[in-house]
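# What the coordinates show
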Amino acid sequence: MRATIGFTRVVHLFSAFWTLALAVLIFGDVVGRGVFNQPIPGTKEILQNSVVTITFLQVPLAIYSGSMLRTSIFADAVPPFLRRVLRTVGATLGLVVFLGLIWSTWPAFQDAYRIGEYEGEGSLRVPTWPVRGVVLVMSAFGGWAYLTMIWLDWRGKLIDDVEAPGALSTVGKGAADGR
Amino acid sequence: MGGDIVLWMLGLLILLILLGTHIGIALAVCSALGVWLMLGSFEAAVSILGNTAYEAVRKDVFAVIPLFVLMGDFISRSGAASDLYRICDRTLRRLPGRLAIATIAGNTVFAAVTGVSIAAAAAFSRIAYPEMNKVGYKKTFALGAVAGSACLGMLIPPSVLLIVWAILTEMSVGALFIAGVVPGVLLALLFSGYVIVAAIHRPDIAPAFEEPLVALDAKEVRSELIGGLGILALILLVIGGIWTGVFTPTEAAGFGAIGALVIGIIKGMRWPQIVEAIFQAGRTTAPIMFLLITAQMYSRLLALGGAVNFIQGLFFGLGADPWMIIALMMVIWIIMGMLIDSVSIILLTVPIFAPIALALGIDPLAFAIFGILVIEAGLLTPPFGLLVYTVKGAVPDAGATLGMIFAGSTPYFLLILLAALIVLWVPSLATWLPQAML
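Anyway, here's the lowdown on the structure attached to this text. Just so you know, these numbers come straight off a predicted model, no measurement behind them. (Residues numbered from 1 in each chain as written. Chains lettered and ligands numbered in written order. Predicted model: local features only at pLDDT ≥ 70, side-chain atom pairs only at ≥ 80, totals over all residues. Heavy atoms only, no water.)

The subject of this paragraph is empty space enclosed by the protein. Enumeration according to the criterion identifies five cavities of 30 Å³ or more in this entry. Approximately 240 Å³ is the volume attributed to the largest cavity. If you go around the largest cavity, you meet 19 residues; those closest to its centre are Arg87, Ala91, Met149 and Asp161 of chain A together with His22 of chain B. Of all the elements in the fold, those that place two or more residues in the lining of the largest cavity are α3 (80-115) and α4 (129-154) of chain A. Element by element, the count of residues in the lining of the largest cavity is highest for α3 of chain A, at five residues. (1 Å grid on protein atoms, 1.4 Å probe; cavity = no way out; pocket = protein on both sides within 12 Å on 5 of 7 lines; lining within 4 Å. Points joined across faces, edges and corners; volume = space filled by probe spheres on them. Helix = DSSP H or I, 4+ residues; strand = E, 2+ residues; numbered from the N terminus.)

Structure, rendered in structure tokens:
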């Protein structure tokens, strides 16, 4: 379990740095266009595909760290057992959604890979299977995250009802610091 | 038929959200189920999930959200907010309630370099509140100033709410950004006016004093210069770049993130803090992006069921006056604001409300600013007032209760609603600056 969450954190951090890399790319593109009259080819395509990829790479940690947006207004008013049942229902629905995503992404991924589907024109052709692949793999990971959250929940391991142990432990405490 | 199914799904959606299901998951479940019931095809329902996941955020404009959040995280961790607060206090020293006004002014400027108001609420809880407490400001008054003025972050660009609204209604992100500037300044002036009146009326809630917060020695001058000029440069780069058309919003966001990192490094951020900022920015972004994806599934359901016309028909069928329809929207937003976060409210209601407002002849830019003001007022209302909880979690004073913060922010809540009505009444406040865009 600890290894899974550790891996989730690594994936999250990787995609978070990817965001910074996009900023550098945009910077290079604009400076290149303005100063050297030579934009970086494919910037737009890279940006498009990166946004989807980054989002899906960050989904598992959002689940494990309890950052998925929700309201606890009703849950706060009921006894702990019922609250746990509600969380389990919610997580099961999450699992179902990700199973649905896998179901519908798998054939699209296979097709894209087999026929070498691509986007863009001219010399710059971006194959679509890697992004579809990320959606596929990370959907499986997201479903797994929901499943393990149910398991952790019933074993009484969750922190504050929403956070898997270790999801935020080393970094992340003391968010949004004003110093 | 389609309309009925959509209404059932809306009911199920509200039920699931109230029961605490992750909002993105609830949206996906209801959309897929609704499509299944409507078309009778399980395949079609599931393929909506897969197609939307792949396509929904595949546009370069969506990169603005992670990039602006990253910029805000760098700035809030750099310590520049602290410089800003002391500069504002030094400048506004003569005014009654000067520390509360410095909080508002600091937030106004800080809002122009961050995209979420939580960052501002947390920062000023640690920076401004202790100073106000030290010189004997009434706690309710001081806490209200911190929580209330943090709302400015959502109105003054760059703001995640403005981005989400623009994307949903297919407006230009740049134009909506610029539209938020004048109403944002107006709101800040209303807040300051309240503080001055309150402080003159009851001097005991905000005792006057003469000395500066920090003596102006060489070290302080250097810190304030770097922080102040750095933020000013960033604002000129980002908002100026968009306004003059030099940058697209995506480019401005990229430059903003790099600029904020540079300021952070000059202000002394090192590797661990930089990693922390990047990590946390990802944590803020991912749930919003996931919501954006699932919200598009929901939009597809609404479109397929002809829901917008259906609900529009319900609204107009009441035979209500336009102002009653607007009032109804306000009530729905305020109630939702008590329960769920602002991005979710926008995603759930705007696809339905925006076309209705257009049919009523309201300018889309003005309606957007009006809506965002009303929705952010919800950040201050019990029981879920997000900013109130943020302030409670961040102030270094165990004696500050949630009740005090809610009470202290009530005047700000009312002023935000007032500002919303003013914008609705005088739409040119929102539309004038975007029309003058170069």
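Another aspect to go through is the interface of chain B and chain A. Buried accessible area, meaning the area lost when the parts come together, often serves as the stated size of an interface. Listed per partner, the contact involves 67 residues of chain B and 61 residues of chain A. Counting the surface lost from both chain B and chain A, the interface buries some 5700 Å², and carbon and sulfur atoms represent 74% of this. Its largest share of buried area at the contact with chain A, chain B owes to Tyr54, Arg58 and Phe279 of chain B, together 13% of the area lost on that side. Counting across the interface, chain B meets chain A through one salt bridge. Viewed at the interface, chain A and chain B are joined by nine residue pairs in polar contact (both at pLDDT 80 or more). Listed by contribution, the elements that provide at least two residues to the side of chain B that touches chain A are α1 (2-18), α2 (23-39), α3 (42-55), α4 (64-78), α7 (117-134), α14 (249-266) and α15 (271-304) of chain B. Ranked by residue count, the leading element in the side of chain B that touches chain A is α15 of chain B, at 15 residues. Grouping the constituent residues of the side of chain B that touches chain A by class yields 43 nonpolar, 14 polar and 10 charged. (Contact = heavy atoms within 4.5 Å. Buried area = accessible area lost by both parts, 1.4 Å probe. Salt bridge = Lys/Arg side-chain N within 4 Å of Asp/Glu carboxyl O. Polar contact = N/O pair within 3.5 Å; in protein donor to acceptor, adjacent residues only side chain to side chain. Nonpolar A, V, L, I, M, F, W, Y, C, P; charged D, E, K, R; others polar.)

The next thing to look at is a nonpolar patch on the surface. Taken together, the side chains of Leu216, Val221, Leu225, Leu229, Leu232 and Leu236 of chain B present a nonpolar region at the surface, about 570 Å² in accessible area. You can see valine 221 of chain B is positioned in helix α13 (residues 218-243). (Patch = residues over 30% accessible without salt bridge, like charges linked within 9 Å, V, L, I, M, F, W, Y side chains within 5 Å. Areas by Shrake-Rupley, 256 points an atom, 1.4 Å probe, with all protein chains shown as cover.)

Attention shifts here to the packing of aromatic side chains. For any pair of aromatic rings, the description consists of the separation of the ring centres together with the inter-plane angle of the planes. Across all of its chains, the model carries 26 aromatic pairs over all chains by this definition. Summarising the aromatic geometry, the rings of phenylalanine 27 of chain A and phenylalanine 255 of chain B are spaced 5.0 Å apart at their centres and angled 45° between planes, so their arrangement reads as tilted. Taken together, the residues span two chains, with phenylalanine 27 of chain A in helix α1 (residues 2-35) and phenylalanine 255 of chain B in helix α14. Using a relative accessible area of 34% as the deciding quantity, one classes phenylalanine 27 of chain A as partly exposed. (Phe/Tyr/Trp six-rings, centres within 6.5 Å; stacked < 30°, edge-to-face > 60°. Buried < 20%, exposed > 50% of the residue type's maximum accessible area, 1.4 Å probe, protein only.)

As a further point, take the nonpolar core. Nonpolar side chains in soluble globular proteins tend to be buried together. In terms of nonpolar packing, the biggest core is built from 220 residues, with Phe74, Trp165 and Phe367 of chain B touching the most fellow members. Of all the elements, α15 of chain B adds the most residues to this core, at 17 residues. (Core = buried A, V, L, I, M, F, W, Y, C linked by side-chain atoms within 4.5 Å.)

Let's shift gears to the environment of serine 78 of chain B. All names here are of chain B. Assignment of secondary structure puts serine 78 in helix α4. As for serine 78 and serine 125, which are separated by 47 residues in sequence, their C-alpha atoms are 16 Å apart. A polar contact is formed between the side chain of serine 78 and the backbone nitrogen of alanine 80, at a distance of 3.1 Å.

Cis rather than trans, the peptide bond between proline 157 of chain B and proline 158 of chain B has omega equal to -10°. Assignment of secondary structure puts proline 158 of chain B in the loop between α9 (152-155) and α10 (160-169). Although it is not a glycine, asparagine 37 of chain A sits at a positive phi angle of roughly 60°. Mapped onto the fold, asparagine 37 of chain A is located in the loop between α1 and α2 (43-64). Of the residues examined, asparagine 37 of chain A reaches a relative accessible area of 66% and is grouped as exposed. You will see that glutamate 170 of chain B, though not glycine, has its phi angle at about 55°, which is positive. For glutamate 170 of chain B, the position within the fold is in the loop between α10 and α11 (173-179).

On their own, these measurements won't tell you what the molecule is for.
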